[in-house]
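So the chains spell out like this:
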Number of protein chains: 2
Amino acid sequence: MRARIEDVAAAAGVSMKTVSRVLNNEPNVREETRRRVQEVVERLHYAPNLSARSLAAQRSYVVALMYDNPSRNYLMEIQVGVLDACRAQHYNLVLGPTHWGTEGFLGEVTGLIRQSRVEGLVLTPPLTDDAALLATLDGLGVPFASISPQVQTGRIGVTLDEHAAAAEMVTYLISLGHRRIGHITGHRSHGGCAWRHAGYREALARAGIEYDPELVIAGEFDYESGVRTGGRLLDLPERPTAIFAANDDTAAGVLRAASLRGLEVPRDLSLCGFDDTPMSQQINPPLTTVRQPSRAMGRLATLELIKAIRGPEAGRMLRVDYALQLRESAAPYRAPR
Amino acid sequence: MRARIEDVAAAAGVSMKTVSRVLNNEPNVREETRRRVQEVVERLHYAPNLSARSLAAQRSYVVALMYDNPSRNYLMEIQVGVLDACRAQHYNLVLGPTHWGTEGFLGEVTGLIRQSRVEGLVLTPPLTDDAALLATLDGLGVPFASISPQVQTGRIGVTLDEHAAAAEMVTYLISLGHRRIGHITGHRSHGGCAWRHAGYREALARAGIEYDPELVIAGEFDYESGVRTGGRLLDLPERPTAIFAANDDTAAGVLRAASLRGLEVPRDLSLCGFDDTPMSQQINPPLTTVRQPSRAMGRLATLELIKAIRGPEAGRMLRVDYALQLRESAAPYRAPR
DNA sequence: CTGTTAGCGCTTTCAA
DNA sequence: TTGAAAGCGCTAACAG
């Protein structure tokens, strides 16, 4: 039926081991032999049996992408990048949905590692900042790369300066003339939340605007909490003229809250978010927000992970750039009616 | 290090084969023996080596989810369902991104099948309706299940009556008093497009409203085409008072087009979409649309596929229900200003 | 109902 | 630079 390595060896007039060496790019093969083997491989449409390879080499060539229900769009972007990197490096990807915060969470992760003989993990928020998880993985000796972790010291992965991004966004609002700027934070468990808040504070401080706790409300990174908390901000006696929401979903909710109160964005309220989800361009008006290169982040984190799997002490924490997306939802200050 | 089946056998005082039988739920094991083996399995944290199993059994236990860049949300929902089913049936999932319509497309699919020894495929639109692909798969003898195929005869998978859904949606608009109802179709290559259009026509016919080709424009299932085609409809001398867009992204674009013209939804225009993406609730006003149970569709299609893998002649085409989501974007007819 | 034996297709070790 | 032999951990076929 299907060609085996033995068939290739016979057809090329070499031993199995030599074919194996060619397949795995090992040294100690004469260039001519190498070419001859490769020709036969193509002619026979030979594809190695991955199960046999894994069994013999005692390796799975599998990495897992661990997540817990973040925004679907965000995760899908990450996943595309991770998958790209896996294919390029001849690794397989296994998907690892988990229920973070539940009792069985750690078991879900270790179970997957055991079951699938996973060689390394790519972690996404909020898993990236779960100390117990990181300790467990360290204990097991399973390498992992984190995407946007809050604490980065000595870890592998890729991160983005959310503090600077938030500060830049708020500075932009200030440059438009706004001074009463509200902020809706994300869910406390999520790393980015604290950083975005800190960036907000810093921008205010740099501009000499006093921090007013009344203007900061805790949201939950979703649309509903945006409607609710945005409403509270807009119902303030002296309402903000601009709001910086901790992510796009929340901002969409604020937009709704404004609309329900007869306020128009950006005429009566400037609004901005974070993430640049596709939705942010499809709402009306299009949302000013911060773009993070999720796909590249997935790809880079995976590449670093695979480096770490291959060579201990390899793999670094990379930093990627954000980019402000200035769209119609934020406009120059106008005195409230 | 890690327990092998041999260790389990020794600890339980039985043969390897008996352990294997218990693990694979095969018959011919005394109930007491079965329990004893299971205890040891748990005690030793034994997890079978999947590579060894695949190699020995000459089976991969892998199914692939094939797709080509549909809406990220839609795909993610499908994927969650597929993954659920895979786990429940002890199958592994491999992701199969493709570039449909390019020269190398068929090679991408067959390459994946060879490389990963895939036992079956789950196909999503628009791959579901690619005759050449289906013929190739039939030729290879690889079973597949389609999600929402246009032609269903003799195939396996899950489908939804898009014709009826579209008709019901348009009938709803008519019941609100609208008679000049525009329709923006999807991309021709996508199966659903023709059906939704047919449903639109039927609803008009049933209500005795004449079909006006001027009110039907070809879109491309995305936001930009919605802005463009929606604009053209709204610029008509006698503009429609309602528009049925072939999907939510397009509808969002129409909303934008209306806004750019100073028209308010639903006051000046009733609008509805199809898919019920999360975005549809986050735009302003929330969008009336058709919900399809994507997650369940992914799960059911996968289960049928696995049935077909296990027993030839097994596996059917299932039909699932849609549900109209009536939200604020559609309202009773008001004469245009 | 249970056990024994012989591979599955590859890589590893060691020798040439 | 190359090759021969010995497994990796499991299941299939057959015996008991």
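By the naming in an unreviewed UniProt entry, chain A goes by LacI family DNA-binding transcriptional regulator and is assigned to Coralloluteibacterium stylophorae.

Take the overall build of chain A next. Counting secondary structure elements, chain A contains 13 helices and twelve strands. Seen through its C-alpha atoms, chain A measures out along the principal axes to roughly 85 × 40 × 35 Å. A buried classification covers 55% of the 337 residues belonging to chain A. Considering only contacts in chain A between residues 6 or more positions apart, those separated by 24 or more positions represent 70%. Of the accessible surface of chain A, which amounts to about 14,800 Å², a share of 50% is contributed by carbon and sulfur atoms. For chain A, the distance from the average position of its 38 positive side-chain charges to the average position of its 38 negative side-chain charges is 5 Å.

Now for the sheet that holds strand β1 (residues 62-67) of chain B. Pairing is parallel in the open sheet, where six strands are placed in the order β2-β1-β3-β4-β5-β11 (chain B). Across the chains shown, the open sheet's two edge strands, defined by having one partner strand only, are β2 (92-97) and β11 (317-320) of chain B. Shown here is a sheet whose adjacent strand axes are inclined to one another by a mean of 20 degrees, direction ignored. Sitting on the sheet, helix α5 (residues 72-88) of chain A is in contact with β1 and β2 of chain B, with an inclination near 95 degrees to β2(B). With respect to the sheet, helix α7 (residues 131-140) of chain B is in contact with β3 (120-123) and β4 (144-147) of chain B, its orientation differing from that of β3(B) by roughly 165 degrees.

Residues and elements named next belong to chain A. Tracing the sequence through the fold places aspartate 68 in the loop between β1 (62-67) and α5. Sequence-wise, aspartate 68 and tryptophan 100 are 32 residues apart; in three dimensions their C-alpha atoms are separated by 6.1 Å. With near-sequence residues (within four places) excluded, aspartate 68 lies in contact with Thr98, His99, Trp100, Pro126 and Leu127.

Relative to chain A, chain B is turned by 180 degrees and slid 0.1 Å along the rotation axis, the superposed coordinates differing by an RMSD of 0.1 Å. Within this description, the copies of the chain are treated as partners about a two-fold rotation axis. In terms of proximity to the rotation axis, the leading residue of chain B is Ser51(B), whose C-alpha is 2.2 Å off the axis. Mapped onto chain A, 100% of the interface residues of chain B are again interface residues, and the two copies thus contact each other with one and the same surface.

To continue, consider helix α8 (residues 162-175) of chain A. Residues and elements named next belong to chain A. Helix length check: α8 (14 residues) gives 20 Å between terminal C-alpha atoms against 20 Å at 1.5 Å per residue, within 8%. Three or more residues of α8 are buried, namely Glu162, Ala165, Ala166, Ala167, Met169, Val170, Tyr172, Leu173 and Ile174. A positive phi of about 105 degrees marks glycine 177, the residue just after α8.

Here the focus is the UniProt feature "domain: HTH lacI-type" (unreviewed entry) in chain A. UniProt marks residues 3-57 of chain A with the feature "domain: HTH lacI-type" (unreviewed entry), using the numbering shown here. Strand forms 0% of residues 3-57 of chain A and helix 67%; the C-alpha atoms that close the span are 20 Å apart.

What follows covers the pattern of salt bridges. As enumerated under the stated definition, the model contains 36 salt bridges over all chains in all. Between Lys307(A) and Glu304(A) there is a salt bridge whose closest N-O contact spans 2.9 Å. Note that Lys307(A) and Glu304(A) are positioned in helix α13 (residues 294-310) at a spacing of three residues, about one turn of the helix. Residue Arg155(B) is joined to Asp138(B) by a salt bridge in which the shortest nitrogen-to-oxygen separation is 3.1 Å. Separated by 17 residues along the polypeptide, Arg155(B) in the loop between β4 and β5 (157-160) and Asp138(B) in helix α7 bring together distant segments of the chain. Here Arg155(B) falls in the partly exposed class, since its relative accessible area comes to 25%. Classification of Asp138(B) as partly exposed rests on a relative accessible area of 42%. One continuous salt-bridge network, built from bridges that share partners, spans Arg4(A), Glu6(A) and Asp7(A).

Listed as interface residues are 43 residues of chain B and, on the opposing side, 43 residues of chain A. The junction of chain B with chain A conceals about 4,100 Å² of combined surface from both sides, 49% of it contributed by carbon and sulfur atoms. It is Arg72(B), Arg117(B) and Gln282(B) in chain B that bury the most area against chain A; as a group they hold 18% of the surface buried on that side. Taken together, chain B and chain A are joined by two salt bridges. Between Arg256(B) and Glu328(A) there is a salt bridge, with the nearest N and O atoms lying 2.3 Å from each other. For the side of chain B that touches chain A, the secondary structure elements donating two or more residues are α4 (50-57), α5 (72-88), β2, α6 (105-116), α11 (248-260) and α12 (279-282) of chain B. Here the side of chain B that touches chain A gets nine residues from one element, more than from any other, and that element is α5(B). When the residues that make up the side of chain B that touches chain A are grouped by side-chain class, the tally is 21 nonpolar, twelve polar and ten charged.

What follows deals with helix α1 (residues 5-12) of chain A. Think of an α-helix as 3.6 residues a turn; residues three or four steps apart then line up on the same face. Residues and elements named next belong to chain A. Of the residues making up α1, those classed as buried are Val8, Ala9 and Ala12. The arc enclosing the buried residues of α1, seen along the axis, measures out at 100 degrees, which places them on a common side. Contacts from the buried residues of α1 go to α2 (16-23) and α3 (31-43). Backbone geometry just after α1 places glycine 13 at a positive phi near 70 degrees.

Near DNA strand D, the surroundings consist of 25 residues, among which Ser15(A), Thr18(A), Arg30(A), Ile5(B) and Tyr46(B) are the closest. Measuring from a phosphate oxygen of DNA strand D, one finds a side-chain N or O atom of Thr33(A) at 3.0 Å. At 3.4 Å, a backbone N or O of Ala52(B) approaches a base nitrogen of DNA strand D. Considering every element that reaches the surface near DNA strand D, the biggest residue donor is α4(B), with four residues. Here the surface near DNA strand D is composed, by residue class, of eleven nonpolar, eight polar and six charged.

Definitions and cut-offs
- Residues numbered from 1 in each chain as written.
- Chains lettered and ligands numbered in written order.
- Predicted model: local features only at pLDDT ≥ 70, side-chain atom pairs only at ≥ 80, totals over all residues.
- Heavy atoms only, no water.
- Helix = DSSP H or I, 4+ residues; strand = E, 2+ residues; numbered from the N terminus.
- Buried < 20%, exposed > 50% of the residue type's maximum accessible area, 1.4 Å probe, protein only.
- Contact = heavy atoms within 4.5 Å.
- Areas by Shrake-Rupley, 256 points an atom, 1.4 Å probe, with all protein chains shown as cover.
- Lys, Arg positive; Asp, Glu negative; His and termini not counted.
- Charge placed at Lys NZ, Arg CZ, Asp CG, Glu CD.
- Pairing = 2+ DSSP bridges.
- Axes fitted to C-alpha atoms, helices over the stretch in contact; angles between N-to-C directions.
- Least-squares fit on C-alpha atoms with pLDDT ≥ 70 in both.
- Expected span 1.5 Å × (residues − 1).
- UniProt positions renumbered as here; feature names shortened; annotations may be inferred.
- Salt bridge = Lys/Arg side-chain N within 4 Å of Asp/Glu carboxyl O.
- Buried area = accessible area lost by both parts, 1.4 Å probe.
- Nonpolar A, V, L, I, M, F, W, Y, C, P; charged D, E, K, R; others polar.
- Arc of directions from axis to C-beta.
- Near = heavy atom within 4 Å.
- Polar contact = N/O pair within 3.5 Å; in protein donor to acceptor, adjacent residues only side chain to side chain.

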